Amino acid sequence: MAPGALLLACALLAGVAVAQRVVTVQSGPLVRTEGSHVTILCNVTGYKEGMEQNFEWSMYLLSALEREIRIVSTNQPNYAYAVYAHRVNTKEIYVERLAGDSAVLHITKVQAQDQGLFECYTPNTDGQYLGSYSARTNLTVIADSLTVAAPAQTLSKVESDTLQLTCEVSRTTLQHTHLSVGWYLRSPEDAAAPPQELVTLSRDFVLRSGGPYRQRMAAGDLRLDKTSATSYRLTIHKLQPVDQGLLYCQAAEWIQDADDSWFAMTRKQSDKTQLRIQPTDRDFSIQVSTERRSFTAGEPLELHCTIEAQNVPERFFSVSWVFSSSPVAVVGTSAVPVLGPDYVSREAAGHMTVRKESANVYLLKLQHLRPEDAGKYICRVTEREKTPTGDFIDRSKRSRNVQITVQPLKSNITVSLSSNSSEVLEGDVIQLTCSVQSTSGPLSVSWLWTDRQAAAPALELASVGREGTVWHGASYGGRSSYGEVRAEKVRADTFSLSLYNASPGDEGQYRCQATEWLQTGVGPEANWQIIGEKSATKAIAVKTVGKLVQPSPSRRTCILDWLE
């Protein structure tokens, strides 16, 4: 028992009839949510005037009511027991003096372990003990179960449109509590400005709106409806530019204390909706975009034409693509493209795409650029609008020119030539492999031969076309008909030549000459152009048997015996 309480009991036993000093605290139980800011008010009256009162706070666990746990004092700096010392030193728990005889205990972040009886004790300043010197209240700490959810999103609306947002609010508190739910608007230009209350459903189930929105709620243009046990829907008709900003839902859970006052145990906000409002305008603008403007032949080009306007899905636009004053394609209101005469075959071959990608974005894609595709591209947009008289008028705009450059494709191929041996026996096979690296287009290969001195013009043994077709040179037509000359395309970048039954006349320089090609045009207009040539040479020697075999006398005898 506190000393003041003991002395009070003694005074009463001595016959003191009137208690002058009175200490009061908020009536309990005080039910608060874990993590919230708790305040407990303590007042003292009936003391000698002119003396400032001090306040000492302690608590008693419900499981050990006889054990005092000191928390904080206004006149003793090290009053707190260890369990509370850190929180007091960091100002998580402190006492705010309201007057000489009134103070508030603050627990800025109450914990579950704080549940129990809280006592406010005021040391005697009167020289004698008359009245009460302490008072207690019960603090109950419960879990914070309030959830407030609305999606984080960005919305673009046009003036006079309708906006609807939904907020989900729920809690699982066992105690009897009430909810208040409201929608607020924060200005994007001034983050420090206080939020504007749009409309709130109070804990007493009364709808109220912020000052500027009262008239709009009275006119039915602002509503807050509870559509289910947990859903609250905000509706704003006839949006105005002042409605632009960050909108969010805020809910609070309230409980009624023993003195019949209501206390907001917890308050939470949802994620915010970024709302943009465009003034009503029938004008539109066009922008053509591309990742880059300089290309190499064979690369793809993508151009996007974007219409910037209000209510695009509800309007009727047609888009024309024009290249150097020549029509490429037109995408009408039905979104079906009509191609210009120079591009029909190109689109049919799958080398061109024209489509409406979304309500306001149109695409032109050329799959394989040609040098002749270099020039100026524009997007022309026409809107067909119906007048009040029923007539139709067309309004057209064109984008700025987009200058595209197309550099001819440069070949970077390298050629290497290898053989089964640089010296073969007469009658054996000469095998050559030609490998081409760093290709970007199809290849053709010619196989050529010259003698070691290269005194005579090179003879063509065989050639392999782009599609793999093989032709044999006129000088080797006879041998190829017997299958002694064989050329083939092993892979897209690898070619081989086999010369069977080699003779001394086959000795010389063998050359693989590779040509890289680029296709320009499609269909009947398709043609091929050479973009690069490289070659590699290999010297091959053919040795007769007499030159290579020199039998010893003993070996010669064995051969003669075998012949006999």
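Not measured: the values here are computed from a predicted model.

A. Structural detail: the nonpolar core. Counting residues in each nonpolar core, the largest one holds 33 residues, and the members touching the most others are Cys305, Trp321, Leu364 and Val381. Elements that contribute at least two residues to this core include exactly strand E21 (284-289), strand E23 (301-309), strand E24 (317-323), strand E25 (326-331), strand E27 (352-356), strand E28 (361-366), strand E29 (375-386) and strand E31 (402-407). Not counting the four nearest positions on each side in its chain, Cys305 is found in contact with Ile286, Gln287, Val288, Val319, Trp321, Asn360, Val361, Tyr362, Cys379 and Val381. Core analysis: the second largest hydrophobic core is formed by 28 residues, Val436, Val464, Leu499 and Ala536 among them.

B. Representation of the pattern of salt bridges in the model. Overall, the coordinates contain 25 salt bridges when judged by the stated rule. A salt bridge links Asp257 to Arg32; its shortest N-O distance comes to 3.0 Å. With Asp257 in the loop between strand E18 (245-256) and strand E19 (262-269) and Arg32 in strand E2 (residues 30-33), this residue pair connects regions lying 225 residues apart in the sequence. Residue Arg32 is classed as buried on the basis of its relative accessible area, which comes to 1%.

C. Expanded view of the pairing of strand E39 (residues 494-499). Here E39 lies mainly inside the structure; six of its six residues are buried. Here E39 shows two buried faces, one formed by Thr494, Ser496 and Ser498 and the other by Phe495, Leu497 and Leu499. Note that strand E34 (residues 430-437) and E39 share six bridges and pair antiparallel. Residue pairing for E39: Leu432 is matched across the bridge by Leu497. Looking at chain direction, strand E38 (residues 485-491) and E39 are connected through six bridges and run antiparallel. Following the sheet pairing, Lys489 is matched in E39 by Phe495. Hairpin connection, E38 to E39: the antiparallel pair is bridged by two residues.

D. Structural detail: the packing of aromatic side chains. According to the stated counting rule, one finds three aromatic pairs in the structure shown. Their ring planes at 75° and their centres at 5.3 Å tell us that Phe284 and Phe317 sit as a pair that is edge-to-face. Here Phe284, found in strand E21, pairs with Phe317, found in strand E24; they are 33 residues apart in sequence, far enough to count as distant. With respect to burial, Phe284 and Phe317 carry one shared label: buried.

E. Local environment of unusual backbone geometry. Note the cis peptide between Gly28 and Pro29, where omega equals 0°. Looking at the element boundaries, Pro29 is found in the loop between strand E1 (22-25) and E2. Even without being a glycine, Lys238 presents a positive backbone phi close to 55°. Tracing the backbone through its elements, the reader meets Lys238 in the loop between strand E17 (231-236) and E18. A positive phi is found at Ser438, a non-glycine position, where the angle reads about 60°. Overall, Ser438 belongs to the exposed group, its relative accessible area being 52%.

F. How the structure looks around the sheet that holds E38. A sheet is described by the order of its strands in space; here four strands give the open sequence E32-E34-E39-E38, paired in antiparallel fashion. Edge positions in the sheet fall to strand E32 (414-419) and E38, since each has one partner strand and no second. Geometrically, the sheet is characterised by an average inter-axis angle of 15° between neighbouring strands, direction not taken into account.

G. A look at the sheet that holds strand E4 (residues 56-60). Overall, mixed pairing links the five strands, which are arranged E2-E9-E8-E4-E5 in an open sheet. Where the open sheet ends on each side, the last strands, each with one partner, are E2 and strand E5 (69-73). Here the average twist between neighbouring strands, direction ignored, is 30°. Bridge count between E4 and strand E8 (residues 116-121): five bridges; the pairing is antiparallel. Looking at the pairing, Ser58 lines up with Glu119 of E8. Contacts from helix H2 (residues 82-89) reach E4 and E5, with the element oriented near 25° to E5.

H. Here's a closer look at the environment of Val490. The topology assignment puts Val490 in strand E38. For Val490, a relative accessible area of 45% translates into the label partly exposed. Aside from chain neighbours lying at most four places away, what touches Val490 is Phe495 and Ser496.

I. Structural context of the state of the cysteines. In total, this model carries four disulfides according to the counting rule given. A disulfide bridge connects Cys42 with Cys120, and the sulfur atoms are separated by 2.0 Å. Of note, the bridge from Cys42 to Cys120 carries an S-S torsion of about -85° and is left-handed in sense. Here Cys42 is found in strand E3 (residues 38-45), whereas its partner Cys120 is found in strand E8, with 78 residues between them in sequence. Given a relative accessible area of 0%, Cys42 falls into the buried group. Sulfur-sulfur distance for the disulfide between Cys167 and Cys249 comes to 2.3 Å. The sign of the -75° torsion about the S-S bond sets the Cys167-Cys249 disulfide as left-handed.

Procedures and definitions
- Residues numbered from 1 in each chain as written.
- Predicted model: local features only at pLDDT ≥ 70, side-chain atom pairs only at ≥ 80, totals over all residues.
- Heavy atoms only, no water.
- Core = buried A, V, L, I, M, F, W, Y, C linked by side-chain atoms within 4.5 Å.
- Buried < 20%, exposed > 50% of the residue type's maximum accessible area, 1.4 Å probe, protein only.
- Helix = DSSP H or I, 4+ residues; strand = E, 2+ residues; numbered from the N terminus.
- Contact = heavy atoms within 4.5 Å.
- Salt bridge = Lys/Arg side-chain N within 4 Å of Asp/Glu carboxyl O.
- Pairing = 2+ DSSP bridges.
- Phe/Tyr/Trp six-rings, centres within 6.5 Å; stacked < 30°, edge-to-face > 60°.
- Axes fitted to C-alpha atoms, helices over the stretch in contact; angles between N-to-C directions.
- Disulfide = S-S within 2.5 Å.

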